[in-house]
Amino acid sequence: MLIKTKSNILNSEVTDRAVFESRREFIKAATILSAGVMLPISGHAETGKNIGPYSAKLHVTDREDVTSYTNYYEFSSNKKDSTILARALKTKPWSVEVAGEVEKSGVYNLEDILKDNPVQERIYRFRCVEAWSMVVPWLGFPLGEMLQRFKPTSKAKFVEFTTLYNPEIMIGQRSNGLDWPYVEGLRMDEAMHPLTIMATGMYGDELPNQNGAPLRLIVPWKYGFKSIKAIVKIRFMENMPGTAWHKSAPDEYGFYANVNPEVAHPRWSQSHERVLGSSIFTPKRNTEKFNGYGEEVAALYSDMDLKKYF
Ligand SMILES: Nc1nc2c(c(=O)[nH]1)N[C@H]1C(S)=C(S)[C@@H](COP(=O)(O)O)O[C@H]1N2
Ligand SMILES: [Mo]
């Protein structure tokens with residue numbers, strides 16, 4: 001279980017379990033209301049199984065901090081500006097194209113995707129490659145369960161995700177910092193891992209635009225740039241996709257990008273992280289390998305030299 005991980009979060013910061021129990025009931029109720037009465041039982045069984053362990057010992061970052069300091073280069077490389085500029089994005093209606101090595105390719109309305117994939121709450125640590133971190137109560141569903149429904153072919157070894165391209169609104173796309181549109185990818189087993197989710201909300205509510213509405217990836221054991229926002233396309237591939245940050249600076253941002261305090265970024269150490277919302281007097285937190293999720297995911301990389309694959 002996650003929780004017995006040596007979380008170096010101060011005891012005083014540990015959130016009262018009761019708070020999460022009540023949130024859990026709230027989310028369950030909200031899920032039932034929004035998805036109607038036809039929810040598959042398994043969705044709820046899954047929720048019940050996951051909520052406690054993922055929430056009990058993590059001190060959730062204030063919503064205000066998470067929503068006012070965002071990385072969203074389509075709008076701006078400035079974390080405050082992107083927060084405000086992202087308001088211009090229209091997230092309804094929204095559709096997702098499914099393509100590549102998959103039987104049920106096509107264009108799917110987000111509403112239909114949501115009908116098939118009831119949301120649950122997952123409270124995860126989130127670690128940006130820039131050495132800051134937060135703990136966020138996401139609402140979302142396991143990516144793997146969604147991908148299975150599209151029936152990937154046996155050739156599908158990787159999944160590529162693409163963000164909306166619309167320079168009229170995403171004004172950061174008018175300059176060439178990154179090779180637009182933003183693209184990210186996972187190996188198939190990473191995508192299928194139960195910790196990997198597609199998020200549609202946070203803090204018991206819809207996802208704010210600046211945090212990636214209406215649909216974003218969350219891969220809690222990887223650096224934050226893997227968790228791509230505003231996804232419009234999912235492509236199953238035989239070969240490793242070329243991803244935006246890796247293409248722009250291959251020696252600084254790897255495809256795997258697993259959180260690893262032992263492997264420094266070429267320009268800074270990854271051994272510690274500043275927790276969002278903490279004061280300058282608060283000691284930094286020790287970064288954990290795989291962001292603390294090693295028990296669940298280390299086996300995925302048993303045949304890899306993790307120093308090499310940063
Ligand atoms: N499309 C897109 N997705 C993105 C980014 C981006 O600039 N564009 N930034 C990434 C980075 S570097 C991080 S740390 C997280 C930040 O998520 P947050 O702003 O919700 O905290 O989003 C990731 N996903
Ligand atoms: Mo990041």
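Not measured: the values here are computed from a predicted model. (Residues numbered from 1 in each chain as written. Chains lettered and ligands numbered in written order. Predicted model: local features only at pLDDT ≥ 70, side-chain atom pairs only at ≥ 80, totals over all residues. Heavy atoms only, no water.)

A. Broad picture of the overall build of the protein. Scanning the protein from terminus to terminus reveals nine helices and twelve strands. Counting across all 310 residues of the protein, residues that qualify as buried make up 54%. Only carbon and sulfur atoms are counted for the fraction: they give 54% of the accessible area of the protein, which is about 14100 Å². (Helix = DSSP H or I, 4+ residues; strand = E, 2+ residues; numbered from the N terminus. Buried < 20%, exposed > 50% of the residue type's maximum accessible area, 1.4 Å probe, protein only. Areas by Shrake-Rupley, 256 points an atom, 1.4 Å probe, with all protein chains shown as cover.)

B. Seen up close, the side chain of Arg216. Within the secondary structure layout, Arg216 lies in strand S9 (residues 216-218). Summary of buried charges: Arg216 has no salt-bridge partner, and the nearest side chain of opposite charge, Glu74, is 10.0 Å away. For Arg216, the residues in contact, after removing those within four places along its chain, are Phe126, Trp138, Ile197, Met198, Ala199, Leu207, Asn211, Ser227, Ile228, Lys229, Ala230 and Ile231. (Lys, Arg positive; Asp, Glu negative; His and termini not counted. Salt bridge = Lys/Arg side-chain N within 4 Å of Asp/Glu carboxyl O. Contact = heavy atoms within 4.5 Å.)

C. Region of interest: the environment of Gly242. Structurally, the position occupied by Gly242 is in the loop between strand S10 (231-237) and helix H8 (244-248). When the C-alpha positions of Gly242 and Glu160 are compared, they lie 8.5 Å apart, and in sequence the two are 82 residues distant. Excluding its chain neighbours within four sequence positions, the residues that come into contact with Gly242 are Val183 and Lys247.

D. Quick look at the site of ligand 1. Around ligand 1, the surrounding shell holds 18 residues, and the nearest of these are Tyr73, Glu74, Asn211, Arg216 and Lys229. Between ligand 1 and Asn71 there is a distance of 3.1 Å, counted from an oxygen atom to a backbone nitrogen or oxygen. A distance of 2.7 Å separates an oxygen atom of ligand 1 from a polar atom in the side chain of Arg216. (Near = heavy atom within 4 Å. Polar contact = N/O pair within 3.5 Å; in protein donor to acceptor, adjacent residues only side chain to side chain.)

E. Structural view of the environment of Lys151. The topology assignment puts Lys151 in the loop between helix H6 (143-149) and strand S5 (158-163). On the accessibility criterion, Lys151 (42% relative accessible area) is partly exposed. Spatially, the C-alpha atom of Lys151 lies 5.7 Å from that of Val102, the residues being 49 residues apart in sequence. When near neighbours in sequence (up to four residues on either side) are disregarded, Lys151 contacts Val102, Glu103 and Lys104.

F. The nonpolar core, seen in detail. With 78 residues, the main nonpolar core has Trp138, Phe161, Met198, Trp221, Ile234 and Phe236 as its most contacted residues. Take this core: its biggest share by element is six residues, from strand S4 (residues 132-142). Beyond its immediate stretch of four places on either side in the chain, Phe161 contacts Leu143, Tyr182, Val183, Glu184, Gly185, Leu186, Met198, Leu217, Ile228, Ile231, Lys233 and Ile234. (Core = buried A, V, L, I, M, F, W, Y, C linked by side-chain atoms within 4.5 Å.)

G. Summary view of the sheet that holds strand S1 (residues 95-100). If you trace the five strands from one edge of the open sheet to the other, you get S2-S1-S10-S5-S6, paired in mixed fashion. Edge positions in the sheet fall to strand S2 (106-109) and strand S6 (183-187), since each of these pairs with one other strand and no more. Neighbouring strand axes in the sheet, compared pairwise and without regard to direction, differ in orientation by 20 degrees on average. In this sheet, S2 lies alongside S1 in antiparallel orientation, the contact comprising four bridges. Note that in S2 the partner of Ser95 across the bridge is Asn109. (Pairing = 2+ DSSP bridges. Axes fitted to C-alpha atoms, helices over the stretch in contact; angles between N-to-C directions.)

Read these as layout, nothing more, since geometry by itself doesn't imply function.
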